[in-house]
Amino acid sequence: MSGLVQAETKEESDQRMAWFRDARFGMFIHWGPYSVPAGEWKGKGVKDNAEWLQSYEKIPVAEYTSLKDQFNPVKYDADAWVRLAKDAGMKYIVITSKHHDGFCLWDSKETDWDIASTPYKNDLLAPLAEACRKHGVKLCFYHSIMDWHHPDWGKKEPWRGNALNPSPDMDRYTAYMKAQLKELLTNYGDIGILWFDGEWEDAWTHERGKDLYAWLRQEHPKLIINNRVDKGRQGMAGMTKDDKYAGDYGTPEQEIPANGLPGVDWESCMTMNGTWGFSKHDETWKSAETLIRNLIDIASKGGNYLLNVGPTAEGKIPAASIERLQAIAAWMKTNAEAIHGTQTSPFPEIPAWGRCTSRPLENGKTRLYLHVFDWPADGLLVVKGLKQKAESASLLADPSSKLEVKPHADGLQIQVPATAPDAIATVIVLDLPQLSLLDDF
Ligand code: H79
């Protein structure tokens, strides 16, 4: 996909993608003036996606713009947010520098539709950049291509009102976007990813996508750029149709590909409830168990999990999100080794009892991490398809535990404790001298 920047060899590309492939887990942050109405407009609750309120409710730019007067996140604590992410095992943070409403979380020289025009006034990205640097978390920006506010964004939607230029000039709009991206890429230290979105509208073309990708990589050779910079995405599955399109990785949204996407880098972005931007009405929270198992599922298929939080207009991450991130942190404290830097499951089928991740060890050995969701009632975990002897098996939570491994008609069987040490997912470490699977798997 990144063949568009010709100077890069496969080794260079692998090197550029290395941190992303190791990370497996990141935090998405959707934050902007939409967190003021928080999913409610004129007394009426709007449907999911609180950040889409302006479009759902057809709010003219002039009216929507007044929300800035109430966006005053005095309780924002960037350091606490980064610690929350880091403790949960998240290696990167992707924050909305600009969402579809066009509002900028930093003081942009290119527009007044930004944080500097709010009562809060202060750049929201700078403290986050500082905290990320301090805690060793990569800072990344989500930047919407579609822009309901900018007069030159080329989709003529009548509800945008007088602010829309009667003949929108997409060259001028692209120059605006590039000037802003330059600010974002020069004022906040090294940026890990640019995460584009809103590329599907006709105003954005394949030519513009290719050009933007090449321009960014020219200036910032190490940058990673998602596939929504260009027009190759296939619906919400998020994958690119063929390699004439620019972009370094696929972006399934609110879904996990059933069998992963072998040979391609990808990241599933998902919400904890049903909305990206904060909504005071949405209580459809997924359980910590679901979130942890999603992370494991995605890692076992070779992808990354980009899990969203939607802070309030005051600058607080909702308590329900914090609780879930803390539950993930508790699980990761013991089990991070089975997630970070791991590779896919070697098995052609998803095991009946859970998921598997792997890690090559020295001397051709392989370590398998068996993430057991459904604990065997008879205390025997059957790992189908393995035809060799295992060196050892133990609980990741207790390296001194020695679990007996024996051959089984279908592969290997491991004698496990009578009850699951961790009801969400217990990880068993299985070291193999070499990995070989039964032919008739
Ligand atoms: O920022 C969050 C959402 O606000 C944003 N993406 C996440 C990360 C989002 N944008 N749009 N949507 C969610 C839903 C819109 C989907 C569609 Fe399409 C746009 C359906 C048809 C056009 C793109 C092209 C997806 C499917 C085809």
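Predicted model only: the values in this text are computed from it and were never measured. (Residues numbered from 1 in each chain as written. Predicted model: local features only at pLDDT ≥ 70, side-chain atom pairs only at ≥ 80, totals over all residues. Heavy atoms only, no water.)

Remarks on the environment of Q415
- The topology assignment puts Q415 in strand β17 (residues 411-415).
- Considering only alpha carbons, one finds Q415 and L361, 54 residues apart in sequence, at a separation of 24 Å.
- Ignoring anything within four residues of it in the chain, the contact list for Q415 reads G379, L380, L403 and E404. (Helix = DSSP H or I, 4+ residues; strand = E, 2+ residues; numbered from the N terminus. Contact = heavy atoms within 4.5 Å.)

With respect to the pattern of salt bridges
- Counted by the stated rule, this structure contains 32 salt bridges.
- Between D79 and R83 there is a salt bridge whose closest N-O contact spans 2.8 Å. Placement of both D79 and R83 in helix α4 (residues 78-87) is noted, with a separation of four residues, approximately one turn of the helix.
- With its nearest N and O atoms 2.8 Å apart, the salt bridge here joins E199 to R233. (Salt bridge = Lys/Arg side-chain N within 4 Å of Asp/Glu carboxyl O.)

Describing the pairing of strand β5 (residues 138-144)
- Most of β5 is tucked away: six of the seven residues are buried.
- Relative to β5, strand β4 (residues 92-98) runs parallel, the two sharing six bridges. Residue pairing across strands places I95 opposite F141, the latter belonging to β5.
- Once the chain exits β4 it traverses helix α5 (residues 125-135) before rejoining the sheet at β5, and the crossover so formed is right-handed.
- Relative to strand β6 (residues 193-197), β5 runs parallel, the two sharing four bridges. Residue pairing across strands places H143 opposite F196, the latter belonging to β6.
- In the classification by handedness, the crossover that spans β5, the intervening helix α6 (residues 170-186) and the parallel β6 is right-handed. (Buried < 20%, exposed > 50% of the residue type's maximum accessible area, 1.4 Å probe, protein only. Pairing = 2+ DSSP bridges. Right-handed = clockwise from strand over helix to strand, strands pointing away.)

Remarks on the domain arrangement of the chain
- Domain annotation of the chain identifies domain 1 (10-338) and domain 2 (354-432).
- Just the C-alpha atoms count here: the centres of domain 1 and domain 2 sit 37 Å apart.
- If you look at the interface, domain 1 gives twelve residues, while domain 2 gives 15 residues.
- Between domain 1 and domain 2, the buried area comes to about 1,300 Å², and carbon and sulfur atoms account for 60% of it.
- Per-residue buried area on domain 1 facing domain 2 is highest for R293, E337 and A338; these three make up 44% of the total on that side.
- Across the domain 1-domain 2 interface, the total number found is two salt bridges.
- The shortest N-O distance in the salt bridge between R367 and E337 comes to 3.1 Å. (Domains from an automatic or database assignment. Buried area = accessible area lost by both parts, 1.4 Å probe.)

Some remarks on the sheet that holds strand β12 (residues 354-360)
- The strand order across the open sheet built from four strands is β12-β13-β18-β15, with neighbouring strands paired in antiparallel fashion. Of all strands in the sheet, those bounded by a partner on one side alone are β12 and β15 (392-395). Shown here is a sheet whose adjacent strand axes are inclined to one another by a mean of 20°, direction ignored.
- One ladder, built from seven bridges, connects strand β13 (residues 366-372) with strand β18 (residues 426-432); its direction is antiparallel. Along β18, the bridge assignment pairs T366 with L432. (Axes fitted to C-alpha atoms, helices over the stretch in contact; angles between N-to-C directions.)

Side note on the sheet that holds strand β10 (residues 267-270)
- The seven strands are arranged β7-β6-β5-β4-β1-β11-β10 in an open sheet whose pairing can be described as parallel. Each of the sheet's edge strands pairs with one partner strand only, and the pair in question is β7 (224-225) and β10.
- As paired strands, strand β1 (residues 25-29) and strand β11 (residues 304-309) are joined by five bridges and run parallel to one another. In the strand pairing of β11, M27 is matched with L307.
- Each of β4, β5 and β6 touches α6; the most contacted strand, β5, lies at about 165° to it.

With respect to the packing of α4 against α5
- Axis separation between α4 and α5 bottoms out at 8 Å; the angle between their running directions is 45°. Classified by the angle between their axes, α4 and α5 sit oblique to one another. Crossing of α4 over α5 shows right-handed handedness. Every residue of α5 that contacts α4 at A78, D79, V82, R83 and K86 is listed here: P127, L128, A131, C132, K134 and H135.
- Residues that form the contact of α4 with α5 fall into these classes: six nonpolar, one polar and four charged. (Parallel < 35°, antiparallel > 145°, perpendicular 65-115°, else oblique. Left-handed = near helix turned anticlockwise from the far one by under 90°. Nonpolar A, V, L, I, M, F, W, Y, C, P; charged D, E, K, R; others polar.)

Overview of the site of the ligand
- In the vicinity of the ligand lie 15 residues, with H30, E51, W52, H99 and D197 positioned nearest.
- Note that an oxygen atom of the ligand is positioned 2.6 Å from one of the side-chain N or O atoms of H30.
- One of the side-chain N or O atoms of Y142 is found 3.3 Å from an oxygen atom in the ligand.
- When the residues that make up the shell around the ligand are grouped by side-chain class, the tally is six nonpolar, four polar and five charged. (Near = heavy atom within 4 Å. Polar contact = N/O pair within 3.5 Å; in protein donor to acceptor, adjacent residues only side chain to side chain.)

Things to note about helix α1 (residues 10-23)
- Over its 14 residues, α1 runs 20 Å from end to end, which matches the ideal 20 Å to within 8%, given 1.5 Å per residue.
- M17 marks where α1 bends most, by close to 45°.
- Regarding α1, the residues found buried are S13, R16, M17, W19, F20 and A23. (Expected span 1.5 Å × (residues − 1). Bend = angle between axes of the 7 residues up to and from the residue.)

Regarding the packing of aromatic side chains
- In this structure the tally under the stated criterion is 23 aromatic pairs.
- Here W19 and F20 contribute two aromatic rings whose centre-to-centre distance is 6.1 Å and whose plane-to-plane angle is 85°, an arrangement assigned as edge-to-face. Residue W19 shares its accessibility class with F20, and that shared class is buried.
- One aromatic cluster is present, built from ring pairs that chain together W31, Y64, F71, Y76, W81, F103 and W113. (Phe/Tyr/Trp six-rings, centres within 6.5 Å; stacked < 30°, edge-to-face > 60°.)

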